Amino acid sequence: MSIELLPAIDIIGGRSVRLSQGEYDTSNEYGDPAEIAVNFANLGSKWIHLVDLDKAFGKGDNDSTIKQVFEAVTNLDINIELSGGIRNSKTLEHALSFNPKRVNIGTAALENPEWTKEIIGEYGDKIAIGLDVRDEILTARGWTKEYGIIWETIDWLVESGCKRIVVTDVNKDGMMTGPSIDLYKKISDYTTQLKLIASGGVSKLDDIVALNELKNSNGQNVVEGVITGKAIYSGTLDIKTALEAVKL
């Protein structure tokens, strides 16, 4: 199986941006999200990782822009993973109203495990859980609050029937210093019950190839997909070339 490439579109104030180390005030702007989404689809990408950063940081929302993105790719062969500010049943239902392929839930999963278990039971594969990690410690709330070691959360996610986690090494995010190969392998050695999407650190084609070829101790593929943003926008990673490199 070849790895799935999920180019990221992060939105602040209706525009596509990239942050460094998750800091809201470090954004660089890259244009219209809908146009970027169409371009990603035309280049052959089957996924987009779409994030409303204003909603995630509690600074408003980009609902009209999100809607434009979905409308722009309606007739294109591409799936959207939607993230940002999904913290309870009301905001989950609102996110699902855009009809994404799946949604990514981060802080709320750590702060409200019981609710998270309920929605995993109800929506199954529609729910991915985002885990932001620093030295095996989970962080959230803009990476300012810690929530214990990752392994305890992985245990209850597996028990609840969770299918997929999106793992970001916060020390790597936006820094283009290479992905956290050792962390991803360690997670896959710990459990094979969760599909893993890698996020953070990708800077070049070799990083994608390394993740695509990464195996755990049992010889199984470790990474199902990889989210990348800054490398694409800065021009150090070409989507089309990356997709060709990992094609079966």
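Here, the structure is the one placed above.
Just so you know, the residues in each chain are numbered from 1, in the order the chain's sequence is written. Only residues with pLDDT of 70 or above have their local features reported here, since the model is predicted, and side-chain atom pairs are shown and tallied only from 80 upward, although totals for entire chains, interfaces and linings are computed over all residues. The basis for the side-chain values is all heavy atoms of the structure; hydrogens and waters are excluded.

A. Highlighting the pairing of strand β1 (residues 4-12). Only protein chains enter the accessibility calculation, which uses a 1.4 Å probe; a residue whose area is less than 20% of its type maximum is buried, one above 50% is exposed, and one in between is partly exposed. Where helices and strands are cited, they refer to DSSP runs of H or I of at least four residues and of E of at least two residues respectively, numbered from the N terminus. Of all nine residues making up β1, eight are buried, and the element is well covered by its neighbours. DSSP-based pairing: two strands are paired if at least 2 bridges between them are found. The pairing of β1 with strand β12 (residues 225-228) spans four bridges and is classified as parallel. Bridge pairing links L6 to I227 in β12. Hairpin geometry of β1 and strand β2 (residues 15-18) is characterised by an intervening segment of two residues between the two adjacent antiparallel strands and by a positive phi of about 55 degrees at G13.

B. Broad picture of the side chain of T153. Turning to its location among the elements, T153 is positioned in helix α7 (residues 150-160). We call two residues in contact when some of their heavy atoms are within 4.5 Å. What T153 contacts, discounting residues up to four positions off in sequence, is L110, L131 and L138.

C. View of the environment of I149. In this fold, I149 is placed in strand β9 (residues 145-149). According to the relative accessible area criterion, I149 is partly exposed, its value standing at 36%. Residues within four places of I149 in sequence aside, it is in contact with E136, I137 and L138.

D. Region of the structure containing the pattern of salt bridges. The working definition used for a salt bridge is a side-chain nitrogen of Lys or Arg within 4 Å of a carboxyl oxygen of Asp or Glu. On inspection of all chains with the given rule, the structure shows twelve salt bridges. Salt-bridge contacts for R102 lead to E81; the nearest nitrogen and oxygen are separated by 2.6 Å. Remark: E81 occurs in strand β5 (residues 79-83) and R102 occurs in strand β6 (residues 102-105); sequence separation between them is 21 residues. Between E244 and K247 there is a salt bridge, with the nearest N and O atoms lying 3.1 Å from each other. Among the charged side chains, a salt-bridge network with shared partners connects D125, R164, K195 and E224.

E. Quick look at the nonpolar core. Core analysis: the biggest nonpolar cluster contains 67 residues, and L50, I105, I129 and L131 have the highest contact counts within it. Beyond its immediate stretch of four places on either side in the chain, I105 contacts I86, L92, W115, I119, I127, A128, I129 and G130. Residues grouped as a nonpolar core are buried Ala, Val, Leu, Ile, Met, Phe, Trp, Tyr and Cys residues, joined through side-chain atoms within 4.5 Å. One finds A8, A128, V166 and I197 within the second-largest nonpolar core, a separate group that totals seven residues.

F. Expanded view of the pairing of strand β11 (residues 195-199). A large share of β11 lies buried, amounting to four of its five residues. As paired elements, β11 and β12 share three bridges and run parallel to each other. What sits directly across from S199, in β12, is I227. If you view a crossover with the strands going away from you and the path from the first strand over the helix to the second runs clockwise, you call it right-handed. The β-α-β motif built from β11, the intervening helix α9 (residues 205-213) and the parallel element β12 has right-handed crossover chirality.

G. Expanded view of unusual backbone geometry. Here the phi dihedral of N99 falls at roughly 65 degrees; this positive angle occurs in a residue that is not glycine. Among the secondary structure elements, N99 is positioned in the loop between α4 (89-96) and β6. Phi angles above zero are rare outside glycine, and E136 is one such case at about 70 degrees. Judged by relative accessible area, which is 25%, E136 ranks as partly exposed.

H. Focus on the packing of aromatic side chains. Here a Phe, Tyr or Trp ring, Trp counted by its six-membered ring, pairs with any other such ring whose centre lies within 6.5 Å, and the pair is stacked when the planes are under 30 degrees apart, edge-to-face when over 60, and tilted otherwise. Scanning all chains against the criterion turns up four aromatic pairs. Here the aromatic rings of F70 and F98 are separated by 5.8 Å at their centres, their planes lie at 20 degrees, and the arrangement is stacked. Residue F70 is found in helix α3 (residues 63-72), and its partner F98 is found in the loop between α4 and β6; the two are separated by 28 residues along the sequence. Through a chain of ring-to-ring contacts, the aromatic side chains of Y30, F40 and Y233 assemble into a single cluster. One residue, R102, lies across the ring of W47, its end atom 4.1 Å from the ring centre. Put simply, a charge is over a ring when the Lys NZ or the Arg CZ is close to the ring centre, within 6 Å, and near the line of the ring normal, within 35 degrees.

I. Here's a closer look at the environment of A128. The residue A128 is located in strand β7 (residues 127-134) in this model. Given the relative accessible area of 0%, A128 is considered buried. In this structure the C-alpha to C-alpha distance between A128 and Q220, which are 92 residues apart in sequence, comes to 21 Å. Residues within four places of A128 in sequence aside, it is in contact with E81, R102, V103, N104, I105, R164 and V166.

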